[in-house]
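Tertiary structure, described
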Amino acid sequence: MNRLGAMLAAVIMMLLVLACAYLFWLQQMRNFDQLCAEKDWFKCTAAVPTDLTLYWPPGNKLILTQRLQSYFSELAGTRSSGAPQLESSLQAASAIAKVSKLYEERLHLPHLAEAYIRCAVGNYRECTSRALADLKLSIKDQAVKKTIAVENLEALSSGLRALSELYSRHNKFLIAEKAAKESIDVGTQALALASGDQDVSDRLHSQLMLEYAAHIKLLRMQNRDKEADQETLLLQQ
């Protein structure tokens, strides 16, 4: 009985330690969120390593930390021109976007969520520019280069939609609409580039409908029902 009681006490103690550690970390993230709200980008750069979400999945931390610190350093104007250029990747951008979603939907850290999704979209954009340049300049492996370009355009379009929806929830309608329109343009470009592959075209068409739906929803949030109705009719034709 004493042994059972000791085990129970140890479990309770461990849970208390974990709870305290979580609350301590959450307060750090709230402080980080406030730094983003105040646009203190220099301190944001230093705060990135405190984000424990970057440790998971294992192996991501260094890559994600570097990209986020590079992003905040550029905003702060402290990034040296001689600093090594980090090559963006869809995997890193997607991981940062997932953390943004966690902060927006679960932990209610809106300013941090905005900063992270902007960083993710910036990485998507760099990946897409590189993929399109490779497609344009390459003579060999055109089919492979085309597939990569389409994948990057699709990821950028989805990232822009996420950015638009986040801005919409924060009542930042002007920049939300800008992101929504760009999302549609990029999605349309991906669909045009994928012509000839029916399965990919069908998938991209479905995603493009989601981009339009997000824009229509944004219009209705602003009581611009006439414009929303017109866009809906155009899609039905």
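Summarised in this report is the structure supplied together with it. (Residues numbered from 1 in each chain as written. Predicted model: local features only at pLDDT ≥ 70, side-chain atom pairs only at ≥ 80, totals over all residues. Heavy atoms only, no water.)

1. A short note on unusual backbone geometry
Most peptide bonds take the trans form, and the phi angle of most residues other than glycine is negative. We count it as follows: Numbering of helices and strands runs from the N terminus; a helix is a DSSP stretch of H or I covering at least four residues, while a strand is a stretch of E covering at least two. For each residue, the accessible area found with a 1.4 Å probe, counting protein chains only, is set against the maximum for its type, and the residue is called buried under 20%, exposed over 50%, and partly exposed in between.
Of note in this structure, Asn171 is not a glycine but carries a positive phi near 60°. Here Asn171 shows up in the loop between helix 6 (142-169) and helix 7 (173-193). Classification of Asn171 by relative accessible area gives exposed; the value is 55%. Positioned with a positive phi, Asn223 is a non-glycine residue whose angle comes to about 60°. In this structure, Asn223 sits in the loop between helix 8 (198-221) and helix 9 (225-236). Residue Asn223 is classed as exposed on the basis of its relative accessible area, which comes to 65%.

2. Details of the packing of aromatic side chains
How we decide: Side-chain rings of Phe, Tyr and Trp (the six-membered ring for Trp) are treated as a pair once their centres are within 6.5 Å; stacked means planes under 30 degrees apart, edge-to-face means over 60, and tilted covers the remaining angles.
In the structure shown here, the tally under the stated rule is six aromatic pairs. Both rings, one in Tyr22 and one in Trp25, keep their centres 6.1 Å apart while their planes meet at 40°; by these two values the pair is tilted. With Tyr22 and Trp25 both in helix 1 (residues 2-37), this residue pair falls three residues apart, about one helical turn. The exposure class assigned to Tyr22 is partly exposed, which follows from its relative accessible area of 40%. What makes Trp25 buried here is its relative accessible area of 8%. Between Phe32 and Tyr116, the aromatic rings sit 6.4 Å apart at their centres with planes inclined by 75°, giving edge-to-face as the arrangement. On the criterion of sequence distance, the pair formed by Phe32 in helix 1 and Tyr116 in helix 5 (residues 110-137) is long-range, its members being 84 residues apart. Take Phe32 and Tyr116: they sit in the same class, and that class is buried. Members of the aromatic cluster, joined through ring pairs, are Phe32, Trp41, Tyr71, Phe72, Tyr103 and Tyr116.

3. Here we look at the pattern of salt bridges
For clarity, the threshold we go by: Salt bridges are defined as contacts in which a side-chain nitrogen from Lys or Arg sits within 4 Å of a carboxyl oxygen from Asp or Glu.
Tallied over the full model, the rule gives 12 salt bridges. For Glu114, the salt bridge is made with Lys172, and the minimal N-O distance between the two is 3.0 Å. Of this pair, Glu114 sits in helix 5 while Lys172 sits in the loop between helix 6 and helix 7; the two residues are 58 residues apart in sequence, bridging distant segments of the chain. Here the salt bridges share partners, and the residues they tie into one network are Glu177, Lys181, Arg224 and Glu227.

4. Describing the environment of Ala92
Condition: Every residue pair with non-hydrogen atoms within 4.5 Å of one another is taken to be in contact.
Among the secondary structure elements, Ala92 is positioned in helix 4 (residues 90-105). In contact with Ala92, not counting residues within four places along its chain, are Ile63, Leu64 and Arg67.

5. Considering the packing of helix 1 against helix 5
Where we set the bar: Orientation is described by axes fitted as lines to C-alpha atoms, over the contacting stretch for helices, and by angles from 0 to 180 degrees between their N-to-C directions. The cut-offs work like this: below 35 degrees is roughly parallel, past 145 is roughly antiparallel, 65 to 115 is roughly perpendicular, and the gaps in between are oblique. Left-handed describes a crossing in which the near helix is turned anticlockwise from the far one by less than a right angle; the clockwise case is right-handed. Just so you know the grouping, Ala, Val, Leu, Ile, Met, Phe, Trp, Tyr, Cys and Pro go in nonpolar, Asp, Glu, Lys and Arg go in charged, and all remaining residues, Gly too, go in polar.
It is at 7 Å that the axes of helix 1 and helix 5 come closest, and there the two elements cross at 70°. As summarised for this structure, helix 1 and helix 5 are arranged roughly perpendicular, according to the angle between their axes. The way helix 1 lies across helix 5 gives a crossing that is left-handed. Contact with helix 1, carried on its side by Met29, Phe32, Asp33, Cys36 and Ala37, involves Pro110, His111, Leu112, Ala115 and Tyr116 of helix 5 and no other residues of that element. Within the contact of helix 1 with helix 5, the residues separate by chemical class into eight nonpolar, one polar and one charged.

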